[in-house]
Amino acid sequence: MAVAGSGSKAGHENWSSRTAFILAAVGSAVGLGNMWRFPAEAGENGGGAFVLFYIFCVLLIGLPVLLAEVLIGRHGQANAPESVRRVARDSNAGEGWSILASLGVFAAFLILSFYCVVGGWVVYYIGIFANDLVQTGLTGGAFAGRPAEDIEGLLPGLFGNAGLMIGLNLGFLAVTMFFVSRGISSGIEWVAVYLMPLFFVLFLGITIYGAFTGNFSDAVSYLFTFDFEKLTGEVMLAAVGQAFFSLSLGVAGMMTYGAYANRDTNLGKTSGIIAGADTGVAILAGLAIFPIVFAAGLSASAGPGLMFASLPVAFQAMPFGSMIGLLFFVMIFFAALTSSVSLLEAPTAYVFEKFNMPRMVATLIVGAGAAVLGVLSSLSFNDMAEFYPLGFIPLFAETNFFDTLDGVTAKLFMPIGAILTCIFVGWIADARLIDDENGLDGILHQTWRALVRFVCPVVLAVIMAFGLFS
Ligand code: PFF
């Protein structure tokens, strides 16, 4: 374990290697966003048109912003707001810019609270399939003899049970808190180094299984047939939002992880690997899920219910269905946990460094706050379904607590955080400091700089305006 790598501030922990940093950052990026949200969004937004535009967004906006974020963290070697303050100070700029990261830290806290609710659903399905495996044995399809409506009703059934929802939500949050309270090397890094390789093994196995047993060629043509007519403004908006969520951008998470990177890590290359892995997983997730969906004759546009409600029906028809279903949800659990850990780390690092308290105490304080919001989010699906906290604003009319947090973070915090980051890195910070950190040369460097200074902030502002006023 490297407690302080070259160039780090005293007492500040660092990743033990560049690989550990990559695994942790890929772990943050790869999560429910890839496995649950990406296929659902692709299915609802016409398949190929969405997928190709998504890739375009990752390259043009996601990757440059990702590099800008980790770069700030690595220079600052501290929690996100303090890192921005240090970059500002070393650039003779106003320290008030740290507000961009303070907003991000707060957004990460909000996302954490509802992300753990969905994490709880994953745990519920693990329980369902484990129980089914015991009942039906290894070789049988899942849920022997049960009608499809029964299986599709599992999620609504869970929603109807407020106590169970809250229990699962808090359980998932507690596991996240456990690992974050242990710090970088024996907590967060441990989760990434062990769970991410396991995730990839399961993921490849299930994709190959899906390719052989499902309707693979239909899935490939669905995801890669680019039909220009389907590329509407709405589809573009959905694609950009998805790219942001998936790459963990605009919420200080990547800044916080960048702060544990050593000076000898090439951030340009590392960002490329993170974005490549995240996008690869999203596309492979589509290739794993759609063959199963098509083979079972299900609809591609089932939306958020695609993974939780439809797929278990498909597992029923499969040989080894209970086993595959169990492994599938265990795999999603690993991906979700490595992401929730990064969501909790951003506010926790801020609290314990700012107030100079033990990491454990800070984890408990932030976790308790996330638990309170999480309970309200869990109740959005049952007892408080008609509570619309921002209902007086047209954009959030008839939007329950869970969806309000999702909407506020995705439509306001993430784009504002990213636009401010681009302005700060592209226009305010000392160019030599930035050049020194980014690990890029020649044409790549020029391109990145032009994207961060001009393209990203403008495109993001336009998208945000669309999102808010269309
Ligand atoms: N990128 C994660 C996913 O795709 O599930 C979600 C996420 C994690 C968003 C961490 C933001 C963040 F800071």
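Everything numeric here is computed off the predicted structure, so don't read it as measured data.

(A) Seen up close, the overall build of the chain. Counting its regular elements, the chain contains 19 helices and zero strands. Computed over the C-alpha atoms, the radius of gyration of the chain is 22 Å, within 12% of the 23 Å expected from 2.2 N^0.38 for a compact globule of 470 residues. Structurally, the chain occupies a C-alpha span of about 70 × 50 × 45 Å along its principal axes. Across the chain, every contact between residues at least 6 apart in sequence was considered, and the portion connecting residues at least 24 apart equals 80%. Roughly 17,200 Å² of accessible area belongs to the chain as shown, and the carbon and sulfur atoms make up 66% of that amount. The centroid of the 18 positive side-chain charges in the chain is displaced by 13 Å from the centroid of its 30 negative side-chain charges.

(B) Broad picture of the site of the ligand. What surrounds the ligand is a group of 14 residues, the closest being Ala29, Gly33, Tyr115, Phe245 and Val251. Contact between the ligand and Leu32: an oxygen atom at 3.0 Å from a main-chain N or O atom of the residue. One of the side-chain nitrogen or oxygen atoms of Tyr115 is found 2.5 Å away from an oxygen atom of the ligand. The protein chains hide 100% of the 340 Å² of surface that the ligand would expose on its own. Every element with two or more residues in the shell around the ligand is listed here: α1 (18-29), α2 (32-44), α11 (233-246) and α15 (321-354). In terms of residue class, the shell around the ligand is made up of six nonpolar, eight polar and no charged.

(C) Examining the packing of α2 against helix α3 (residues 48-76) more closely. Relative orientation of the contacting elements α2 and α3 amounts to 125 degrees, with a least axis distance of 7 Å. Between α2 and α3, the angle falls in the class oblique. Facing α2, whose interface residues are Phe38, Glu41 and Ala42, α3 presents Phe50, Val51 and Tyr54. Its residues assigned to classes, the contact of α2 with α3 comprises five nonpolar, no polar and one charged.

(D) Looking closely at the state of the cysteines. Considering all chains together, one arrives at zero disulfides under this definition. The cysteine Cys57 is free of any disulfide, with Cys456 supplying the nearest cysteine sulfur at 10 Å.

(E) Fine view of the side chain of Asp278. As for its position among the elements, Asp278 is in helix α13 (residues 267-295). Excluding its chain neighbours within four sequence positions, the residues that come into contact with Asp278 are Ala29, Val30, Asn34, Tyr54, Ser246 and Leu247.

(F) Layout of a nonpolar patch on the surface. The grouping of Met360, Val361, Leu364 and Ile365 at the surface amounts to a nonpolar patch, some 350 Å² of accessible area in total. Relative to the helices and strands, Ile365 is located in helix α16 (residues 359-379). Of the residues examined, Ile365 reaches a relative accessible area of 46% and is grouped as partly exposed.

(G) View of the packing of aromatic side chains. Going through the model one piece at a time under the given rule, you end up with 41 aromatic pairs. For the pair Phe38 and Tyr54, a centre-to-centre distance of 5.0 Å together with 55 degrees between the ring planes defines the contact as tilted. In this pair, Phe38 sits in helix α2 while Tyr54 sits in helix α3, placing the two residues 16 residues apart along the sequence. Tyr54 matches Phe38 in its accessibility class, with the two residues each being buried. Between Phe159 and Phe381, the ring centres sit 4.6 Å apart and the planes meet at 35 degrees, which makes this aromatic pair tilted. Of the two residues, Phe159 sits in helix α7 (residues 154-159) while Phe381 sits in the loop between α16 and α17 (401-428), which places them 222 residues apart along the sequence. Between Arg37 and the ring centre of Phe245, over which it is positioned, the NZ or CZ distance is 5.2 Å. A cation over an aromatic ring shows up here: Arg453 above the ring of Trp427, its NZ or CZ 3.9 Å from the ring centre.

Thresholds applied
Residues numbered from 1 in each chain as written. Predicted model: local features only at pLDDT ≥ 70, side-chain atom pairs only at ≥ 80, totals over all residues. Heavy atoms only, no water. Helix = DSSP H or I, 4+ residues; strand = E, 2+ residues; numbered from the N terminus. Rg over C-alpha atoms; globule rule 2.2 N^0.38 Å. Contact = heavy atoms within 4.5 Å. Areas by Shrake-Rupley, 256 points an atom, 1.4 Å probe, with all protein chains shown as cover. Lys, Arg positive; Asp, Glu negative; His and termini not counted. Charge placed at Lys NZ, Arg CZ, Asp CG, Glu CD. Near = heavy atom within 4 Å. Polar contact = N/O pair within 3.5 Å; in protein donor to acceptor, adjacent residues only side chain to side chain. Nonpolar A, V, L, I, M, F, W, Y, C, P; charged D, E, K, R; others polar. Axes fitted to C-alpha atoms, helices over the stretch in contact; angles between N-to-C directions. Parallel < 35°, antiparallel > 145°, perpendicular 65-115°, else oblique. Disulfide = S-S within 2.5 Å. Patch = residues over 30% accessible without salt bridge, like charges linked within 9 Å, V, L, I, M, F, W, Y side chains within 5 Å. Salt bridge = Lys/Arg side-chain N within 4 Å of Asp/Glu carboxyl O. Buried < 20%, exposed > 50% of the residue type's maximum accessible area, 1.4 Å probe, protein only. Phe/Tyr/Trp six-rings, centres within 6.5 Å; stacked < 30°, edge-to-face > 60°. Lys NZ or Arg CZ within 6 Å of the ring centre and 35° of its normal.

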